[in-house]
Amino acid sequence: MSASSKTETTPVVEEPLITGNQTFHTVTDVVSRIAERKTTVTWLALVGMSASLALVLLGSIGYLVWEGVGIWGLNVPVAWGWAIVNFVFWVGIGHAGTLISAILHLFRQRWRTSINRFAEAMTLFAVICALIFPAIHVGRIWVVYWMLPIPNQMEMWPQFRSPLLWDVFAVSVYFTVSLLFWYVGLIPDLATLRDRAKTKIRKLALGILSLGWRGGNRQWINYERAYLILAGLSTPLVLSVHSVVSTDFAVSMVPGWHTTIFPPYFVAGAIFSGFAMVMTLGIIVRKIFHLEDFITINHLEKMNKIMLLTGMMVGYAYACEFFVAWYSGNVYEAFTFVNRAFGPYAWAYWIMVTCNVLIPQIFWFRRFRRHVTIMFIATIFINIGMWFERFVIVMSLARDFLPSSWDYYSPTIWDILTFIGSFGLFFTLFLLFIRFVPVIAMAEVKAVLPQADPHHGEKH
Amino acid sequence: MKLDTETFRLSERGGFAKKALIAGVIGLVVTVVAWFLDSARFYHAWLTAFAFWISLSLGALFFTMLHHLTGAQWSTVIRRMSESFLAPFPYMAIFFVPIIFGMHDLYHWTHEEAIAHNPILEWKTPYLNQTFFVIRAAIYFAVWIFLSRRLYGFSKAQDEGHSPELLAKMRSTSAWGMVIFALTITFAAFDWLMSMEPMWYSTIFGVYFFSGGLLSAVCLITLTALWLRRRQVLDTAITREHYHDLGKLVFGFIIFWGYIGFSQYMLIWYANIPEETSWYLMRWEGSWKAVSLLMILGYFSIPFLITIFRATKRSLGLLGFMVVWLLLMHWVDMYWLVFPTWSGADGNAHFHWMDLSAVVGIGGIFLWAFWSRYAAGPLVPVRDPKLPQSLSHVNF
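Computed from a predicted structure; not experimentally measured.

Details of the overall build of chain A
Per the secondary structure count, chain A includes 16 helices and zero strands. A compact globule built from 460 residues should have a C-alpha radius of gyration of about 23 Å, and chain A, at 24 Å, falls within 12% of that. Seen along its three principal axes, the alpha-carbon backbone of chain A occupies a region of about 80 × 60 × 45 Å. A burial count over chain A gives 55% of its 460 residues as buried.

Here's the deal with a nonpolar patch on the surface
Residue and element names in this part refer to chain B. Together, Leu 21, Val 25, Val 29, Val 33, Leu 37 and Trp 353 give the surface a local cluster of nonpolar side chains, amounting to about 530 Å² of exposed area. If you tally residues by element for the nonpolar patch, the top one is helix α1 (residues 16-37), at five residues. Residue position: Val 29 is located in helix α1. Under the relative-accessibility criterion, Val 29 is labelled partly exposed at 49%.

Structural notes on the interface of chain B and chain A
In this assembly, 57 residues from chain B lie in contact with 44 residues from chain A. Surface buried jointly by chain B and chain A totals about 4400 Å² across both partners, of which 68% is contributed by carbon and sulfur atoms. Where chain B packs against chain A, one counts one salt bridge. At the junction of chain B and chain A, the tally comes to 13 residue pairs in polar contact (both at pLDDT 80 or more). Sorting the residues of the side of chain B that touches chain A by element identifies α8 (119-124), α10 (165-192), α12 (240-271), α13 (274-282) and α18 (387-391) of chain B as the ones contributing at least two each. Looking at the side of chain B that touches chain A, the element that brings in the most residues is α12(B), giving 11 residues. Class assignment of the residues belonging to the side of chain B that touches chain A gives a composition of 33 nonpolar, 14 polar and 10 charged.

Quick look at the side chain of A:Thr113
Residue and element names in this part refer to chain A. Relative to the helices and strands, Thr 113 is located in the loop between α4 (96-106) and α5 (116-137). Under the relative-accessibility criterion, Thr 113 is labelled buried at 6%. Here Arg 110 takes part through its backbone oxygen, which lies 3.1 Å from a polar atom of the side chain of Thr 113. If sequence neighbours within four positions are ignored, Thr 113 has contacts with Ala 441, Glu 444, Val 445 and Val 448.

Details of the confidence of the model for chain B
Per-residue confidence for chain B gives a mean pLDDT of 92; residues scoring 70 or more make up 99%. Model confidence for the complex is summarised by a pTM of 0.94, with the ipTM given as 0.92.

Describing the packing of helix α6 (residues 163-196) of chain A against helix α7 (residues 200-209) of chain A
For any two helices packed against each other, the geometry is given by the interaxial angle and the distance between the axes. Residue and element names in this part refer to chain A. Close contact between α6 and α7 brings their axes to 8 Å; oriented N to C, the two are set at 150°. Taken together, α6 and α7 sit at an angle that is classed as roughly antiparallel. Here α6 runs over α7; the crossing is left-handed. For the pair α6 and α7, contact is made by Tyr 183, Leu 190, Leu 193 and Arg 194 and by Arg 202, Lys 203, Leu 206, Gly 207 and Leu 209, respectively.

Remarks on the pattern of salt bridges
Residues and elements named next belong to chain B. Within the structure shown, the criterion is met by 20 salt bridges over all chains. The closest approach of N and O atoms between Asp 191 and Arg 136, which form a salt bridge, is 2.5 Å. With Asp 191 in helix α10 and Arg 136 in helix α9 (residues 130-160), this pair connects stretches of sequence that are 55 residues apart. As far as burial versus exposure is concerned, Asp 191 and Arg 136 are alike and both buried. Here the residues in one salt-bridge network are Arg 79, Arg 80, Glu 83, Asp 159 and Asp 384, joined through shared partners.

So, how was this worked out
Residues numbered from 1 in each chain as written. Chains lettered and ligands numbered in written order. Predicted model: local features only at pLDDT ≥ 70, side-chain atom pairs only at ≥ 80, totals over all residues. Heavy atoms only, no water. Helix = DSSP H or I, 4+ residues; strand = E, 2+ residues; numbered from the N terminus. Rg over C-alpha atoms; globule rule 2.2 N^0.38 Å. Buried < 20%, exposed > 50% of the residue type's maximum accessible area, 1.4 Å probe, protein only. Patch = residues over 30% accessible without salt bridge, like charges linked within 9 Å, V, L, I, M, F, W, Y side chains within 5 Å. Areas by Shrake-Rupley, 256 points an atom, 1.4 Å probe, with all protein chains shown as cover. Salt bridge = Lys/Arg side-chain N within 4 Å of Asp/Glu carboxyl O. Contact = heavy atoms within 4.5 Å. Buried area = accessible area lost by both parts, 1.4 Å probe. Polar contact = N/O pair within 3.5 Å; in protein donor to acceptor, adjacent residues only side chain to side chain. Nonpolar A, V, L, I, M, F, W, Y, C, P; charged D, E, K, R; others polar. pLDDT = per-residue confidence, 0-100. Axes fitted to C-alpha atoms, helices over the stretch in contact; angles between N-to-C directions. Parallel < 35°, antiparallel > 145°, perpendicular 65-115°, else oblique. Left-handed = near helix turned anticlockwise from the far one by under 90°.

Here it is, written out as structure tokens:
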């Protein structure tokens, strides 16, 4: 059926996804060059700094193994301190990458192509950082493998009813699938780098990594199919991982932890924080490597809208919890929430509300959605706010059922150094990624250029 | 029924409006008779049917706003259908009146003597009291009617001219509309369904009600499109590609509903706190157990396994069967939410003809209101700039 005169419409002019009149060649050139050029002094200095921070992490962990978890500020009502806060914080950040690559792919959101590569890389690094915390929190780290159900002569098994074990499965599956997904997406781009390689070693290494990719028709068909299947497999994982993380809290009977909205609320929060981190890094990468034509203001605006949405979902969950805490008529629930807002951790609660609920409201305005400096500052606040959200939840422990056991959690220097050190690890991995791997999915970006349309240039 | 493919208007409307209206009136008359037989049972049957039909309109409202917010192209051909399912809102407001009269039978918290002996119910009286309950319902309906009129108004205006600002207006209305929609549907679910057991509470309950409504609205849209297709209406506009996408949404929302339902159940089962488990325990005794199992298998597991396949989504016969089945399951879900607290239930699920007549009564008027709006104008937004893309939509 063709649109007739009665149904005549003005065509929508969509903002172009990639600007600057790019051709297939310029895309390859601009992106590959970042990974091919000589190591710069700036990069070395940045790696030096972040690797030093990573060493701080290593040192803190070393001392922890030597001395035990007593070096942290843990006390009796608060037996889970910063370690669980940091774990949830990092896992949450690790949600955006797979959301962008899998869910947005299934929803045919073609704008994701410019940001999915580094978002996925960030996901992997964030999950690595996350996994460190529960592993080092076990006390006897030399038997950490007991967390896995490995058949043994003692017939000793982990507790399958414990959400902490579900975490082990959920996070490791998530990491594996995310890694596969990322790598499959990388293959055509690694082949491009291989074809451009000048030295023998580089050719060989990239040749092995690109698995003999030649860009043939059949290869592309298989590739697209594999990519779609992986997207389908990753999508439930995006939801399940943080749902399982939420059950660490929600299956318990602790007021403020046990509430049925936790699974979807945690997922929304994870996507929110993940997007904030993708934005923070994306804005920096875009600026340093002059990728403004690839990661355009249009992309940033779309991401800001998603942050507004997920921020509102988180706000909905805060409000819902607060209302039901009153509505339930349960004095412990009501106390916990009043205590959060006006108790000893009120400062943390209001930081959380300000950063996660109030600040994202600026994204109702197009002007702010498209203002790079303002959104950069906002994403930093959101990152902070989402750390505090987990802090506020965990610190419900500080005032438990028995007032005589109430205590206040103060971090020690080791809590702080471990956390800061994890950023060192994260940034070191990220910098290595930028140095050796194309930061933008070239093959996919080429597919969204106007020239990629088979009817491009035809007159209607 | 005949469609003018130039204007997308029906040159012959067929007799559907009349049939639906007659069915509705007969259903309502029969249901009124039921009131004389057993008024308490009548109110429960009425609330079940009311919750079922209003959730469809709410789902359609969300679907319309989602379409505008995401700037989706493929769904433009079904947008007018989705908007027409908003037409029943004012009638649903009238159908809420019997619930006000039946509050004493439906809601235990309206009993003075119960409040006097229960300090927790007394605690809740600032929220759970009859005046505020009615005021809140009035607010919900005002919000929904206002939003749906506004969105439909823009849509009609679009038929008149090419104005691109209308797209922006629909989008911005949907943005703030989504916020008040989320709040109103949550509290409506708390008020009308959750408070039937006033001691019980669950923070996810609003999302649960929403998830079922959204799934059912997509099912109803799919069913309507298939029904029109049989009559050679829009059969070339809504193609297998669109059904494939609708099928994907049906599949996705089955998972969403299952995920929300499971989250609620698992957390309550695991913590095992008596004040929370009582709600599920009631639904796990006597013949309610069979209904609960039907929900798990019939609303989630089996539809999940069937709709996961691409072939199902593209086979119009099977897809049609699945959406009818899922709509039936959604009614069972509403029944499962409402009926266990009915005082005459003796702990078992009983089916009564008035359960059916209430669904037919409200449903007849619902579908009449829908069709009167839908058939009156072009069946697709003819001047929407995204229509050509939607008509030629192909899955990758």
